[in-house]
Structures are given as C-alpha cells and as structure tokens.
Amino acid sequence: EDPGLMGDDYPMMDAKAMDEEPNDKEEEEADAEPKNWGDDYYPTDDEMMGEGIDDYSRHRGYGDDMYEPQPPDGWESYQEYQSAQDKYYHDSNYLRLPPHLLSTCTLVELPRAYAGSTTDRMDKIDEMILCSVSYYFDEDECKAPMTSGSGKSFGKHANADGGDETEEERGRYVANAIMGYNLRWKYWSIQEVLDLSTDWSAPLGDIVSGGTASINSNAHGGMGAWALATPIAVKLDGGSKNHIIVGTSMGLVYALEAQWHGLRSGWPVQMRHPVEQKVLVEDVVGNTNLEVFAVSTGGDLVSLNADGGVLWARNLLTDDETTFGKAAKTLIVRGTSPLSMGDVDGTGGLSIVVVAMIASTEREHMHRPDKHDVLEHRLYAIDAVTGDDLEHFPIVLNKGIDVSTPSSMPQPLLIDLHEDQSHWLNQIHGLSSEDIDKIRQINRRAAADFTASSRPRRHGGAGRGVHIVQPLGSTLYIIEGSTACSQTVDVGDTIPSMVQADDVHGTGGLDLVVTTSRGEILTLESDTVSYHPLNVWNAGVTRAPGSSNAQAHGFSSTQGIFVHPMSRVWRDILGVYIPITFEIYDRRPNIANEPNRQVYEVEVRAGMSAKRTIFYRSYNTTGIYTERVQIPFGPGYFSLTVLLRTTHGIVYEDTFHIGFNVDYMGGLWLIVFLPLVLASIPIFMFRRKPNWEEDEDYGGSRNGILGRAPPP
C-alpha cells in the first residue's frame, strides 16, 4: 500500500541508461553508495529479474512516485514540520505518570460487539475490570527532569510555607480517567480521560498544618479532579448499549458508552460539590428506564433520568439550617456515607438511606475542613420517587456523645430482622392501595408508646419494612425503619466497614457479621430471624458477589430471582442431572404495559465465572420454573449461582451449595453384590418336592441322583 510519504526507490534513468549494461566501475559505485532501496510498492516479477526499470509504471498518468504532502501553513517544507512534530512528542519532553487507584474497582460482564460464536457463552461477553484512576505528581516517585541533580520534587506539600518553589515547578495538575481491563485478552481496552484540575485548588491543599501560604483554594470551589467513586455498568434506557456511570471529585456525573467511550447525550451532570460515592440505579418512576441517584460531599442529593434530566434535587439540610442569619455560623454537610436503597417502611416504595456528618462553620471558612466543628451524624431515609423525608426521619445518631470524629461512615445495611417475614413473599409481586393502607395502620400501632399494658413486642418490633444497621465509631445502631425504634450495641472497637448479613453458621438463622479496626470479626446470631436468600447482604458494599450494580435490598428490589428451599437444601446428588427450582419476580411500575422489557436471561454457573456457565435460557414471563442442569466438571462440591440479567443489564443472583456425585464409589457395592444376591434368591427359595416312588418304604428304587444304586 502506498501512503504517499515514501521517496523514490531508484535513481532516475533515461531510456539509454536503462538499455545499457552497467560496467564494473558503475557496479562498484553502486555498492559503495547505496540508493534509496525499499520501494513503497512491490515490483513486478520482471522488475525482480533485474530489468532495472523504475516503478513509475505502476502510477501511469501520475509520473514518478516521488511526491509528499503539502506542508501546513507557516512551514516551508513537510520534512521541517515532521521533524518538529517528532521532537515535540519525544518522550524526553514528557513525564509518564502512573495511575493511582483511590477507589474500588468493579468486575463487569459486557456483551461483545462482534461475537465469535453464537453458541459459546464466553464468545458473547467480555469480562472487564472497570477502575476510576487519578493522575498526579507523586513527590516520592517524580522528580523534575530538567533539573539535573537538584532533586526538586513535584509534590504539592514539599514546602508548606512556600517560597522556594514556583507554581510552574510544583505539581499543579490532577486528572482522572476511567479504565477497563479485558480479562480475556489481557489488555486495557478502555482508557478515557474525564477531568483535569490544578492540584493546588483541591480541598487537600488546606488540610496541612498552617495551610499553604498564599495559595487560594477557592479557585474551583475547592474541587479537584480526583476519582474516588466506584464505577458501575448498566443500560440506562434498556437498549443495546451499555453505559459506564461514575462520579468525580469535580462534581461531575458521567455516563459513557462502554464500547466507544463517548458521552451519552445529556451527560455529564454538574453538581455543586464533589461526588465521591458510588451512584445508585433503579427503576422507581414507572417508565421502565433507570433512574440515577447521586449524592455529593456537600449533602446535595439528586435523582436523574436516563437522559441526564433532573427529576428532583435537594440538600439534606433545610433552607433554615443553611442560611446565614444573625448567627455568625451556619450548618453544612461535611461528608456522607455511600447510599443504600430499600423498602424502609414496608409500603412497597423504595427509599434512599444515607448518613451525613453535620458541622458548623463561618462563611469565610466554607472550604476549610480544618475550620469545621463537627456536631452530629444524621440518618436520612428519603422517598426515591419524590425526594421527601420519610416519617420519623432524619434521626440524630450520636446526640450528646463525643463526635470527635469516627474514622469513617460505612454504608447503612438494610435488612429485615423481624421474626415474621412471610408477608414479603406476597409483597414481591406487588401491593394494592388497600394493602398499603393496612401496612401503614400496622406501622402506626407499632410506633405507639410502649406501656406496661402493651403486648410484648415480637423480635425486631411490630412494624413492617426493614431495619437499618449503621455502625458509627464503636457503636452499632439497629433501627426499625417503620417506627424509628432503635437499639445500640457497643463492640468496644471502631467499626470501619459495612455490616454484613448471612447464615454464617448454617443454623437456618440470620447472622450479622461485624469487623473492627483491630482485625476482629464478630457474629451476632439470632435464633428467631429465619434465613431467606433475598434477606442477605454478603459481598461488601453490594448485596451479592456478582451484583455489582444491584444495590436494593432483596425483598425491596423491583426485580429479582431466588432458589426455592427444596433445591437449596444441602445434599449429595447421585446422578447425571440436578433439578433446580427458582422463581423470577418483577414488580416494576408499568411493566405490564412494556412487553419488550419482559425479558429475563437466567444463567446457572458452577461458581462465579462466566467460563463455568452450565445453563442459559431466556424467559418472557415471571413465575416459578424447574430446570435440570448437568455439571460437566466431574464429581465434587460446588457453589451453584443462579443469575438473572435484566434488559437494563442489572444482575441479581442467588447462590447455594451442593455435592455432585461425591460418594459415587459408595454405589459400586450394589453393582457387585446385587447381581449375586438376585442370583442366589432362586437357589434359596427352591424346594424339591418329595416323590413317593423314590421312597424305600413304598418300594421305590434305591437309585441315587445319578440314576443308579449307591454302593453297599
């Protein structure tokens, strides 16, 4: 192929020179001074035979192929422009910065643009690790390349008092990007830069003791281009394109197309404060498109539709609390926990649950964290449809307690700790308006003041809905969502992470798993709260290991799947096929009028990886199904995972454990002894009938069994 940038491959010859044979002297000169061999187009066979003709014959009508592009304006020749460009982009002019992980990565499965096979499941998807990364000058790794031996660093806090480094010599810039690593092909297939800001305008610039001299942190409202939030991947509109959604510390919420990394129309959305927590996605409005919920560090909570439009937006604080009146100080939100979602009051609607750190400060110190006085921590439960606070909320968690700063604000755990949970199995199919009124009456009676004449309350309270389990410092708060009744447990050490819930001990009850900063793991057991696969939270900040984008509590979720008890009982199956009974439910608003969204892709895996998929089928209706699957990986103990993938790419799952032909050797004795036993039965059952003719007393012959008389 001729790109048009190559010079001639042979010196120009006239016709006479082409016909004459070269003498010895000319051959020596040709060997001593090699010409521009290496044609930009392969010669013909005749040319290879040494006829010595130039390749202009391949460009008839264009003359010889000695041509080059026109130089850009301001350049005398293309060679001069090319030389300057190569020099400009040379590595000596740049400092390669490594990406820094300041957030948790996400493992996702995205459909391949060009599937290699229609039958192999692995050829249809790409397993990818999505990471939000930050780029900045690390003073321990990066030195100024132009200062030989001086060793001046690019660190932003090399000299807190300022004076010996100019802003040009300091590491001024911070950038963030979204990156995706393809686990199958082992390469980075997604690399998209999102934000760029100056390092000295970031909030961290004012945290060091004494500040940073004359550097002003209000240049960008105290926001720097850090990537602290975890990305997720969903299909916002339920179409064919997957979208990567992530928030950044510049206050931007991005929605990128996963394949070509382009921005979705209407995105990004700008917020007033940094977005450092993972966004939530769920269909709560009823148009069968996903809504996106994001919270900023300043307490701004927003609900966005699939096109980036604002459905509702609010601040966690009221207008009266954030207005500077006669008082010199005002209240601000100093930071929030990650968001959780669930049916808090049991009425069938989803709510957003978040913890906020409330502080007071003066107007001139709004962007100075070291000048904020932390007052309390509040627990909010907000209606996901309207944005209004639920009844009994917000709740002050540590009022009157020293709040000299808990180490962190873990994500709230939503779990049902009531003794009776039978109503959930009917509620996952939807509630009528009459049912909602009855539940509200139950909650009102349960919230009434407890008196001596009151009936003893059952375990977990008498209301409906879920409980909120929130660690703060060393205290564990357990709050009934419908009544705001609370109980506290002090574990004696700081609880830095979210509480988990599962049947850890295999007793059929629900256990709470608490970890402490000293490395201790505590389990709070319950004998009265029964286990159900929709009432667990066992994968960190996600409800299940493979559900990186399903954030709603299982009973509360608008869609889901779970395996029935008859199939999840621990047993060793001897045979070829394993029967699995599972139920698919979908109670999204208006789903009955959207038949094209009633598509439910179900997979069964022997583990978690898509490489171990043993069953796949697509369903168009909800209900109870029983399927027979076969494990091709031989005998052993397996964790079978049943996954449901919706049209929006949200994954719900349930996991149970079985043994598959583990004791198959125990059946060999049947193969060996059973034929012998069956063959011996006729022998033992056979009885010879006596014959009077063979009896000596009746004159019978005394012949033996061989037909002759026995010897005397």
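Here, residues in each chain are numbered from 1, in the same order as that chain's written sequence. It should be noted that, the model being predicted, local features are given only for residues of pLDDT at least 70 and side-chain atom pairs only at 80 or more, the latter also being counted only at that level, while totals for whole chains, interfaces and linings use all residues. Hydrogens and waters are ignored; side-chain quantities use all the structure's heavy atoms.

**Q** Got a sec to walk through the side chain of Thr641? Specific residues and values, please.
**A** Along the chain, Thr641 turns up in strand 32 (residues 636–645). Within the structure, the side chain of Thr641 is placed 2.8 Å from the backbone oxygen of Gly607, a separation counted as a polar contact. Residue contacts follow a heavy-atom distance rule, with two residues in contact if any of their heavy atoms lie within 4.5 Å. Ignoring sequence-local partners within four residues, the contact set of Thr641 consists of Glu603, Val604, Arg605, Gly607, Met608, Glu653, Asp654 and Thr655. In this text, helices come from DSSP runs of H or I with a minimum length of four residues, and strands from runs of E with a minimum of two, each type numbered from the N-terminal end. Any pair of nitrogen or oxygen atoms within 3.5 Å is treated as a polar contact; in protein, a donor-acceptor pairing is required on top of that, and neighbouring residues in sequence qualify only through side-chain atoms on both sides.

**Q** I'd like to hear about the state of the cysteines, residue by residue, with values.
**A** Cysteine sulfur atoms that pair up within 2.5 Å are treated as a disulfide. One pass over the structure, following the stated rule, counts 1 disulfide. Bridging Cys105 to Cys131, the disulfide has an S-S length of 2.4 Å. Given an S-S torsion of about 115°, the disulfide between Cys105 and Cys131 has right-handed geometry. Of this pair, Cys105 sits in the loop between strand 1 (100–101) and strand 2 (106–111) while Cys131 sits in strand 3 (residues 125–135), and the two are 26 residues apart along the sequence. Cys131 gets classed as buried once you look at its relative accessible area, which sits at 4%. Buried, partly exposed and exposed residues are distinguished by accessible area as a fraction of the type maximum, computed with a 1.4 Å probe on protein chains only: under 20%, between the cut-offs, and over 50%, respectively.

**Q** Describe helix 9 (residues 668–685), with residues and values.
**A** Helix span, as expected, comes to 1.5 Å for every residue beyond the first. The terminal C-alpha atoms of helix 9 lie 26 Å apart, and with 18 residues this matches the ideal 26 Å at 1.5 Å per residue to within 8%. A maximum bend of about 30° is found in helix 9 at Leu674, where proline Pro675 lies one to four positions downstream. Fitting axes to the seven residues ending at a residue and to the seven starting there, one defines the bend at that residue as the angle between these axes.

**Q** A description of the pairing of strand 33 (residues 651–660) should follow, citing residues and the corresponding values.
**A** Among the 10 residues in strand 33, 8 count as buried, and that is most of the element. In this description, strands pair whenever DSSP reports at least two bridges between them. Here strand 27 (residues 572–573) pairs with strand 33 via 2 bridges, running parallel. What sits directly across from Ile573, in strand 33, is Phe660. Sheet analysis places strand 32 next to strand 33, joined by 10 bridges and oriented antiparallel. Residue pairing for strand 33: Ser639 is matched across the bridge by His657. Remark: 5 residues form the turn of the hairpin made by strand 32 and strand 33, two consecutive strands paired antiparallel; Gly649 in that turn has positive phi of roughly 80°.

**Q** Hey, could you go over the sheet that holds strand 7 (residues 243–247) for me, with residue numbers and the actual values?
**A** On the basis of which strands lie adjacent, the open sheet formed by 4 strands has the order 6-7-8-9 and antiparallel pairing. Since the sheet does not close on itself, it has two edges, and those belong to strand 6 (232–234) and strand 9 (269–270), each with one partner. Relative to strand 8 (residues 252–257), strand 7 is paired through 5 bridges, and the arrangement is antiparallel. Residue pairing in the sheet places Val246 in a bridge with Tyr254 of strand 8.

**Q** Lay out unusual backbone geometry with the relevant residues and their values.
**A** Of note, the bond from Trp267 into Pro268 is cis; its omega dihedral lies within 30 degrees of zero at 5°. By secondary structure assignment, the location of Pro268 is in the loop between strand 8 and strand 9. Put simply, Phe393 and Pro394 share a cis peptide bond, and its omega is 5°. By the element assignment, Pro394 lies in the loop between strand 17 (373–383) and strand 18 (395–396). Notably, His392 is not glycine yet its phi reads approximately 80°, a positive angle. Residue Asn661 is not a glycine yet carries a positive backbone phi of 55°. Tracing the backbone through its elements, the reader meets Asn661 in the loop between strand 33 and helix 9.

These results come straight from atomic positions and should not be treated as a statement about function.
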